[in-house]
Amino acid sequence: MNNTGHLIGLKEMTREQIERLLDRAAYWADRPGEQADILRGRFVANLFFEASTRTRFSFEVAQKRLGAHVLNFIPETSSAVKGETVYDTIRTLEAMGVEAAVIRTKKEGLLQELAASVDLRLINAGDGTNEHPTQCLLDLLTMKQQFGRLEGLTVSIIGDLRHSRVLGSHLHALPKLGVKLLLSGPASMMPQPAQIPSGVKVVGMDEAVQTADVVMMLRVQLERHTESLYISKEEYHQAHGLTLERARSMKPGAVIMHPAPVNRGVEIHTDLVESATSLIQKQVTNGVATRMAVLETLLKGSEGQWEPSLATANY
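Thresholds, definitions, all that
Residues numbered from 1 in each chain as written. Predicted model: local features only at pLDDT ≥ 70, side-chain atom pairs only at ≥ 80, totals over all residues. Heavy atoms only, no water. UniProt positions renumbered as here; feature names shortened; annotations may be inferred. Helix = DSSP H or I, 4+ residues; strand = E, 2+ residues; numbered from the N terminus. Polar contact = N/O pair within 3.5 Å; in protein donor to acceptor, adjacent residues only side chain to side chain. Expected span 1.5 Å × (residues − 1). Buried < 20%, exposed > 50% of the residue type's maximum accessible area, 1.4 Å probe, protein only. Pairing = 2+ DSSP bridges. Contact = heavy atoms within 4.5 Å. Axes fitted to C-alpha atoms, helices over the stretch in contact; angles between N-to-C directions.

Peer 1: Mind showing me how you'd approach the UniProt feature "binding site: L-aspartate" (unreviewed entry) in the protein chain here?
Peer 2: Here, the residues flagged by UniProt with the feature "binding site: L-aspartate" (unreviewed entry) are K82, R165 and R219. By the secondary structure assignment, R165 is in helix α6 (residues 165-176). Within polar-contact distance, the side chain of R165 engages the side chain of E50 at 2.8 Å.

Below, the structure is given as structure tokens:
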């Protein structure tokens, strides 16, 4: 949570802020299905300018579990088709009394632009290939539940790194939390060297799979590639995917994660998606608790900012 009362990204958040937010997410994760009236009477809007299943619905479930009134913005039936800008849409919602907007957009940096000129709380649900902070937070919660800690873990993120906004958030968060981060993928899908922080290591596929506590596979984002894949999906799977053979080389106790949606048989073998070592469905479950923590913190904190006491407050 940044100082202006928005969740734009994790780059500017401190380790303490991230850990406090994870503590509150853990609170809700321990209370599955519990309803609350913390946001009773408050209006929240979801504005998704890109397709989404998990993120959009988990935000809506989180909002309703907290008692908020939820507005779902549909670009195709809005004034956006008449040329209305996102800024004007947000200002319109603000004038109606909407207090928070969850936004997914192709445009990187849009939320930073809006934050300087609107009063309602902005939550980044993914902006281009920049960041996806709530996905990163739910991943962190899932890891902490599994291992009881984050400090000292080794996490390998593998696949289409260049186009991943999930990686964009993890590049900032994992090193702050004492996690060793390894990256692996095709050369054509790697981030620019300047984007890789000091201490983050680029390794081969075998080292990434065999040495990590968490093997996180990323989807090949075909919709963001300007050219088609230079190899077939089958060839990609054999060269860069988590095959059954590679999965057998994972160290004891290691787990598989994936932000989803999953391209079965491309970045990961279909039999591994719901295997005993997979936490993919657990990530989806934790998405609701994490987004409850974010919404609660933004809308119940002092003027939308983080209150240290919030993590231990009783409701």
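Here the narrative resumes, following the displayed structure.
Peer 1: Got a minute to help me understand helix α11 (residues 280-300) in this structure?
Peer 2: The periodicity of an α-helix, 3.6 residues per turn, causes residues three or four places apart in sequence to face the same way. End to end, α11 covers 30 Å across 21 residues, agreeing with the expected 30 Å (1.5 Å per residue, within 8%). Extensive coverage of α11 is indicated by the burial of 16 of its 21 residues.

Peer 1: What should I look at first to understand the pairing of strand β3 (residues 100-105) in this one?
Peer 2: On a regular strand, each side chain points to the face opposite its neighbour's, so the side chains alternate between the two faces of the sheet. The buried fraction of β3 amounts to six of the six residues, a majority that puts the element mostly inside the structure. Where burial is concerned, the two faces of β3 agree: the one with A100, V102 and R104 and the one with A101, I103 and T105 are both buried. Pairing analysis gives five bridges linking β3 to strand β4 (residues 121-127), with the strands arranged parallel. Pairing of T105 across the sheet is with D127, part of β4.

Peer 1: When you look at the UniProt feature "binding site: carbamoyl phosphate" (unreviewed entry) in the protein chain in this model, what are you seeing that I'm missing?
Peer 2: Per the UniProt entry, the sites bearing "binding site: carbamoyl phosphate" (unreviewed entry) are R54, T55, R104, H132, Q135, A260 and P261 in this numbering. One can find R104 in strand β3. Filtering out sequence-adjacent residues up to four positions away, R104 remains in contact with L47, F48, F49, E50, A51, S52, T55, A125, G126, H132 and R165. With respect to the helices, strands and loops of the structure, A260 is situated in the loop between β9 (255-257) and α10 (270-273).

Peer 1: Can you help me understand the sheet that holds β4 in this one?
Peer 2: Strand pairing in a sheet is mediated by backbone hydrogen bonds. Such pairs are either parallel or antiparallel. Taken together, four strands build an open sheet; the order of strands is β2-β1-β3-β4 and the sheet is parallel. Strand pairing shows two members of the sheet lacking a second neighbour, β2 (69-73) and β4, which therefore form its edges. The sheet shows a mean angle of 15 degrees between the axes of neighbouring strands, direction not considered. Inspection of the sheet shows strand β1 (residues 43-48) paired to β3 by five bridges, in the parallel sense. Within β3, the position partnered with N46 by the bridge is V102. The strands touched by helix α2 (residues 54-65) within the sheet are β1, β2, β3 and β4, with β1 carrying the most contacts at an inclination of about 180 degrees.

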